[in-house]
2 protein chains.
Amino acid sequence: MDVSQELMMSEIANDLTSGAAELALRSINIFRNELAASEDFVLVRESLQSIAQKLFKSQPAMAPLFNLGNVVLFAADKANNIEQLRTLVDEALTGFESRLCDSAAKIADTAYELIPPGAMVFAYSFSSTVVSALLNARSKKKFFRVVCTESRPSEEGRKLANMLDSAGLEVVHTFDSAMGLVLPTCSVAFMGVDCVARPGIVNKVGSWLLALACRELNIPLYALAGTEKFVTDDLLFSFEDHERPGSEVWSDPPAGTKVLNRQFELIPFPWISGLVTEQGILKGEQIEAYVDEVEVHRVFE
Amino acid sequence: MDVSQELMMSEIANDLTSGAAELALRSINIFRNELAASEDFVLVRESLQSIAQKLFKSQPAMAPLFNLGNVVLFAADKANNIEQLRTLVDEALTGFESRLCDSAAKIADTAYELIPPGAMVFAYSFSSTVVSALLNARSKKKFFRVVCTESRPSEEGRKLANMLDSAGLEVVHTFDSAMGLVLPTCSVAFMGVDCVARPGIVNKVGSWLLALACRELNIPLYALAGTEKFVTDDLLFSFEDHERPGSEVWSDPPAGTKVLNRQFELIPFPWISGLVTEQGILKGEQIEAYVDEVEVHRVFE
């Protein structure tokens with residue numbers, strides 16, 4: 001791996017405001033670059049493994065990074081020389097890329113039906129899948145307003161507000177703990193997903209409070225995720241490894257104060273109205289079949 | 001009113017991090033200064049009225065500012081000359097001041113019993129009543145840790161962390177939406193109160209989510225407030241007038257984005273375990289008798 005590849009990897013590791021699907025698309029380029037980096041079959045195959053492992057460790061909650069690395073490594077295992085490696089891995093990358101884009105488009109079409117005309121829609125944190133669903137609905141002339149909150153400490157809720165605002169949507173913005181004040185004005189709420197397995201949905205911290213409040217207020221809450229977000233039950237809990245520096249929350253706390261900065265949390269399936277995937281809207285009990293299908297490359301075990 | 005009095009008033013109006021009881025203590029000095037400001041009976045009486053009205057309007061959710069002005073004006077009504085005015089109002093101020101201090105001390109003694117030894121205690125926003133309860137418990141050699149969150153946008157949760165930390169308490173701090181992650185580690189939660197009447201308890205935004213989460217997780221949540229926080233049901237809803245500038249939440253939002261900055265919200269009585277007052281721990285149904293006693297001076301109607 002050369003310096004520019006290392007830089008792209010560290011940008012992904014330190015990216016606190018992009019959604020999982022978005023980072024997977026950027027990771028595809030890293031794998032592509034590596035395929036062309038050398039003529040040495042063994043060296044390239046080892047680099048692909050190393051990239052897959054590093055991407056997974058850098059954002060352990062983000063399932064598409066795992067699933068992307070997983071398909072790359074299974075494809076690489078079938079190659080016997082550098083040409084085969086390039087062909088097979090490139091096919092896998094292209095397949096994963098179109099899967100991500102097709103998923104987003106199908107999810108957007110399903111989400112369109114879930115937005116009542118003229119509604120106030122709540123959107124939490126930042127998810128490229130949610131953004132594409134909202135922009136798709138607006139481009140089809142459905143009019144609605146979006147409420148979003150800061151999403152401390154990385155403030156990716158502001159990134160969402162900026163993006164929707166520049167696309168001409170009407171946005172209402174407030175701080176995270178004001179969810180209880182704005183949700184009663186909303187007809188539906190959407191959130192992104194970092195990974196899914198039988199225990200539930202992992203997403204940005206704050207999603208648990210959002211789901212609890214939506215349940216209390218009888219507001220339908222949908223999680224939007226392609227099946228590239230599915231992982232095994234074992235892998236699901238690696239999101240808990242993703243403790244960030246406390247200084248990102250508070251740069252100068254008093255000496256005796258410990259500052260916690262966890263990124264992700266688990267939301268139980270029964271708390272959401274449905275998981276909107278490219279296969280339709282799934283309920284908790286339908287997840288099992290998908291999770292059973294996930295095969296994990298030995299490199300991730 | 002002279003310039004220094006005006007300055008003290010505007011400091012109270014713009015104080016977003018002090019609790020209601022703390023601001024009432026500072027307001028007592030403003031009334032005291034005014035009593036000495038002139039020998040003109042009518043002029044001083046009118047100034048007292050004007051101060052009472054302005055303090056109430058500057059922080060309409062903070063009941064002690066209303067109740068202080070209320071007792072001052074009822075006392076002033078009984079005076080026929082400047083000497084009587086000074087004597088009667090000074091008595092009223094001294095009475096209110098000792099009521100505030102006695103309340104805090106009695107509440108602290110009751111709260112002491114509610115903290116299990118070695119427990120993790122959640123404390124939300126900033127309340128001088130909660131601080132005095134926690135410091136009193138520590139001074140009596142009860143050991144426990146306190147978790148608090150930022151309390152965006154004014155971040156008075158950091159003020160709380162600083163104060164408890166400098167008093168030698170172990171503090172854990174995180175962002176507001178991480179409540180769902182830290183509450184399961186807590187044995188009890190405390191919050192302050194801005195005002196109370198039959199509809200419920202008004203406190204800093206975020207308290208509704210806290211109460212919802214505590215109910216879900218079976219964590220006892222106590223609101224700490226002396227009866228100087230009681231108002232009439234009519235006055236209770238004036239907290240909704242306290243909309244602050246959106247720029248305090250986000251200084252440079254995109255042009256089409258409306259930024260909401262509400263300060264206070266209502267928490268229903270059944271969601272809390274009890275209201276800890278100087279009269280003991282009250283339940284919702286016991287509030288009625290106190291609210292019925294509140295007599296409102298015509299100036300506030």
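Residues numbered from 1 in each chain as written. Chains lettered and ligands numbered in written order. Predicted model: local features only at pLDDT ≥ 70, side-chain atom pairs only at ≥ 80, totals over all residues.

1. Observations concerning the overall build of chain A
Helices and strands together make up the secondary structure of chain A, namely eleven helices and eleven strands. Taken over the C-alpha atoms alone, chain A extends approximately 60 × 50 × 35 Å along its principal axes. Looking at chain A as a whole, 48% of its 301 residues qualify as buried. Across chain A, the fraction of contacts at a sequence separation of at least 24, relative to all contacts at a separation of at least 6, is 77%. (Helix = DSSP H or I, 4+ residues; strand = E, 2+ residues; numbered from the N terminus. Buried ≥ 20, exposed ≤ 12 C-beta atoms within 10 Å, placed from the backbone. Contact = placed C-beta atoms within 7 Å.)

2. Topic: the interface of chain B and chain A
At the junction of the two partners, chain B supplies 40 residues and chain A supplies 40 residues. Those elements that place two or more of their residues in the side of chain B that touches chain A are helix 7 (156-166), strand 3 (170-174), helix 8 (179-182), helix 9 (207-217) and strand 8 (257-259) of chain B.

3. Concerning the relation of the copies chain B and chain A
What connects the two chain copies is a rotation about an axis and a shift along it. Superposition record for chain B on chain A: RMSD 0.0 Å, screw rotation 180 degrees, translation along axis 0.0 Å. Expressed as a symmetry operation, the mapping of one chain copy onto the other fits a two-fold axis. (Least-squares fit on C-alpha atoms with pLDDT ≥ 70 in both.)

4. Considerations on the packing of helix 1 (residues 3-13) of chain A against helix 3 (residues 41-58) of chain A
All names here are of chain A. Two numbers describe how helix 1 lies on helix 3: the axes approach to 9 Å, and their chain directions differ by 25 degrees. Between helix 1 and helix 3, the angle is such that the two are roughly parallel. Of the two elements, helix 1 crosses helix 3, and the hand of that crossing is right-handed. Residue-level contacts link Met9, Ile12 and Ala13 of helix 1 to Lys54, Leu55 and Ser58 of helix 3. Tallied by class, the residues present in the contact of helix 1 with helix 3 amount to four nonpolar, one polar and one charged. (Axes fitted to C-alpha atoms, helices over the stretch in contact; angles between N-to-C directions. Parallel < 35°, antiparallel > 145°, perpendicular 65-115°, else oblique. Left-handed = near helix turned anticlockwise from the far one by under 90°. Nonpolar A, V, L, I, M, F, W, Y, C, P; charged D, E, K, R; others polar.)

5. Looking at the domain arrangement of chain A
Residue and element names in this part refer to chain A. When the domains of chain A are assigned, the result is domain 1 (3-103) and domain 2 (105-295). Of note, the centres of domain 1 and domain 2, computed from C-alpha atoms alone, are 25 Å apart. Contact residues are listed per partner, giving 19 residues for domain 1 and 27 residues for domain 2. Counting only elements with at least two residues in the side of domain 1 that touches domain 2, the list comes to helix 2 (20-35), helix 4 (63-77) and helix 5 (82-114). Looking at the side of domain 1 that touches domain 2 residue by residue, the class counts come to eleven nonpolar, five polar and three charged. (Domains from an automatic or database assignment.)

6. Quick word on helix 2 of chain A
Residues and elements named next belong to chain A. Taking 1.5 Å as the rise per residue, helix 2 with 16 residues should run 22 Å; its terminal C-alpha atoms sit 23 Å apart, in good agreement. Residues Ala20, Ala21, Glu22, Leu23, Ala24, Ser27, Ile30, Phe31 and Glu34 constitute the buried set of helix 2. Against the buried residues of helix 2 lie helix 1, helix 3, helix 4, helix 5 and helix 6 (128-139). (Expected span 1.5 Å × (residues − 1).)

7. Notes on the sheet that holds strand 6 (residues 200-204) of chain A
Strand pairing within a sheet occurs via backbone hydrogen bonds; the two strands may be parallel or antiparallel. Residues and elements named next belong to chain A. Pairing within the open sheet is antiparallel, and its three strands lie in the order 5-6-9. Strand pairing shows two members of the sheet lacking a second neighbour, strand 5 (195-197) and strand 9 (264-267), which therefore form its edges. Strand-to-strand, the axes of this sheet are offset by a mean angle of 25 degrees, without reference to chain direction. One ladder, built from three bridges, connects strand 5 with strand 6; its direction is antiparallel. Bridging across to strand 6, alanine 197 finds its partner in glycine 200. Docked against the sheet, helix 9 (residues 207-217) engages strand 6 and strand 9, running at close to 30 degrees with respect to strand 9. (Pairing = 2+ DSSP bridges.)

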